[in-house]
Amino acid sequence: MQPISDSAYYLRLALTCLNAGGAYPLPVQIEIEPFIVNPGYINVLAGAIGLGGADTAGLWLNLLFNCALLWILYRLVDRMAGRRTALVFVILFCLLPSNSYIVMGYMSDLPCLAVACGALLLATYPGGRPMALAGLLLVVANYIRPVAMIFALTLAVCVLLSHAKPERWIALILMMVTATAALWLVNGAISGTRFCFANTGGVNALQGANDTADGGYNGLILMEGHEGYISDSTGFNAFQRDSVWKERALDWALANPGRFARLAPRKLYMQLFCDSYHLNLFRETAEIMKSPDGTLSARAKKQIVLESIPYYLLLLLAGAGAVIALRSRRRRKLALVLLTPIVLNLLLAIATVGGPRYHYPAMPAFIFLASLAIVWICHRVKAYRKYRVRTL
């Protein structure tokens, strides 16, 4: 099948670098591409294809990342809430179709999440060395996809609530600063321009702050006649374009604070309304799902709802789990840690743009909370049955 959208774009960038014998971004890509996307993932994808000899090597890599992610999350939940909750977590994770379909595209979401969760797992071990390694993985995750700061702040909340020793903080911060500085130097050697991470913040901010914004992603925003258009005659490179888009987004938000605020509910709806974003990864499936006028067909809407039923049930259980954990003195700190990535993910959507794919970094926290709810319900049912036996 033929990849489309971001999946096709990432694959094209990786193949370009592979054919040129260089790492992403090449100097020419900084000059001609609208922005620099997820350098860590593009380089990993190019390396996988180079070693595997075919584009599909990137998909096999996804499978390895998905297996690693599930193992990491199992160990993390086991250490934080016990074996029973961890086993329920694995079952819920596997019941969500999106966690299987995510291996199908050339996307950065999965590798970023796997590496970031690895950092959280390391942080649960005592001592400064695991915390330093956690800091390194957080920087790597952000190099893969620039949303790993959600997990950095989550880790910070966890460390604060656990009253960690100062040396753990020092190890974390020192490693993150060192790794970021190293990236700055390495990227400068690769491309001739010193930078650290992707620079898609400007275009994402503009997506959610313009006269035609509806809370979702607009693929035409950079075209002539639209809010993000910048003429090639300006000679701007990717970093200069990013600065222009950030300025336009900020100016619009400051000039239209009421309209910007009213977009928030719509952005949250676009962020959470379904868990079926894989339909847009390949041209063949995308075309089947569209009606002649270009909108979603009735079949597509039905499939999205059906595939999202486990996700809707999960959100209800997660809400119950959050209430249960917050009311429990023993689980209250855990609830605050789990709510951190969810709240940060939703705030990021409000600040930029909402989309079903963008809630993926918060899904482990949702599943964790749902697992807590199920374990609590099972415990209550078991206690009730014992009570009934004693009273008969």
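Residues numbered from 1 in each chain as written. Predicted model: local features only at pLDDT ≥ 70, side-chain atom pairs only at ≥ 80, totals over all residues. Heavy atoms only, no water.

Asker: What is the right way to look at the pattern of salt bridges in this model?
Answerer: Opposite charge on two side chains makes pairing possible when the charged atoms of those side chains draw close. Inspection of the entire model under this criterion finds 8 salt bridges. For the salt bridge of Arg357 with Asp109, the shortest nitrogen-to-oxygen distance reads 3.1 Å. You can see Arg357 sitting in the loop between helix H16 (332-351) and helix H17 (363-391) and its partner Asp109 sitting in helix H7 (residues 109-123), a full 248 residues away along the chain. Residues joined by salt bridges that share partners form a network here, namely Asp6, Asp109, Arg145 and Arg357. (Salt bridge = Lys/Arg side-chain N within 4 Å of Asp/Glu carboxyl O. Helix = DSSP H or I, 4+ residues; strand = E, 2+ residues; numbered from the N terminus.)

Asker: Looking at this structure, how should I read the packing of aromatic side chains?
Answerer: Each aromatic ring pair is summarised here by two numbers: the centre-to-centre distance and the angle between the ring planes. Enumeration over the complete set of coordinates arrives at 9 aromatic pairs. With centroids separated by 6.3 Å and ring planes inclined at 85°, the aromatic side chains of Tyr9 and Phe35 adopt a geometry described as edge-to-face. Placement of Tyr9 in helix H1 (residues 5-20) and of Phe35 in the loop between helix H2 (27-32) and helix H3 (39-52) is noted, with a sequence separation of 26 residues between them. Neither residue differs from the other here; Tyr9 and Phe35 are each classed as buried. Ring geometry for Tyr311 versus Tyr312: centroids 5.8 Å apart, planes at 50°, classification tilted. Owing to a relative accessible area of 29%, Tyr312 belongs among the partly exposed residues under this scheme. Put simply, the rings of Tyr9, Tyr10, Phe35, Tyr41 and Trp245 pair up and form one aromatic cluster. Directly above the ring of Tyr125 sits Arg79, whose terminal nitrogen or CZ lies 3.8 Å from the centroid. Sitting over the ring of Trp184, Arg194 keeps its end group 4.8 Å from the ring centre. (Phe/Tyr/Trp six-rings, centres within 6.5 Å; stacked < 30°, edge-to-face > 60°. Buried < 20%, exposed > 50% of the residue type's maximum accessible area, 1.4 Å probe, protein only. Lys NZ or Arg CZ within 6 Å of the ring centre and 35° of its normal.)

Asker: Can you help me understand the nonpolar core in this one?
Answerer: Side chains of a nonpolar character, in soluble globular proteins, are inclined to be buried together. Ranked by size, the top nonpolar core spans 102 residues in total, and within it Leu69, Leu138, Leu155, Leu314, Phe368 and Leu372 carry the most contacts. When near neighbours in sequence (up to four residues on either side) are disregarded, Leu155 contacts Ala119, Leu120, Ala123, Met131, Ala134, Leu138 and Leu172. (Core = buried A, V, L, I, M, F, W, Y, C linked by side-chain atoms within 4.5 Å. Contact = heavy atoms within 4.5 Å.)

Asker: What is the right way to look at unusual backbone geometry in this model?
Answerer: For residues other than glycine, phi is negative in most cases, and the peptide bonds are mostly trans. Residue Tyr24 is joined to Pro25 through a cis peptide bond whose omega torsion reads 0°. For Pro25, the location among the structural elements is in the loop between H1 and H2. Residues other than glycine seldom take positive phi values, yet Asn38 does so here, at roughly 40°. Structurally, Asn38 can be placed in the loop between H2 and H3. With a relative accessible area of 2%, Asn38 lands in the buried category. At His163, a position not held by glycine, the phi torsion is positive, near 55°. Of note, His163 is situated in the loop between helix H9 (149-161) and helix H10 (166-191). Looking at His163, the relative accessible area reads 65%, which means it is exposed.

Asker: What exactly am I supposed to notice about the packing of H1 against H3 here?
Answerer: What describes two packed helices is the angle between their axes and the distance between those same axes. Interhelical geometry of H1 versus H3 gives an angle of 65° and a closest axis separation of 8 Å. Note on packing geometry: the crossing formed by H1 with H3 is right-handed. Each of Tyr10, Leu11, Leu13, Ala14, Leu15 and Leu18 in H1 lies in contact with H3, whose residues at this interface are Tyr41, Ile42, Leu45, Ala46, Ile49 and Gly50. Split by residue class, the contact of H1 with H3 holds 11 nonpolar, 1 polar and no charged. (Axes fitted to C-alpha atoms, helices over the stretch in contact; angles between N-to-C directions. Left-handed = near helix turned anticlockwise from the far one by under 90°. Nonpolar A, V, L, I, M, F, W, Y, C, P; charged D, E, K, R; others polar.)

Asker: It is not clear to me how helix H8 (residues 128-144) should be interpreted in this structure. Could you clarify?
Answerer: Because each turn of an α-helix spans 3.6 residues, side chains separated by three or four positions end up pointing in the same direction. Over its 17 residues, H8 runs 25 Å from end to end, which matches the ideal 24 Å to within 8%, given 1.5 Å per residue. Along H8, the residues classified as buried are Pro130, Met131, Ala132, Ala134, Gly135, Leu138, Val139, Ala141, Asn142, Tyr143 and Ile144. As for H8, its buried residues are in contact with H3, H7, H9 and H10. (Expected span 1.5 Å × (residues − 1).)

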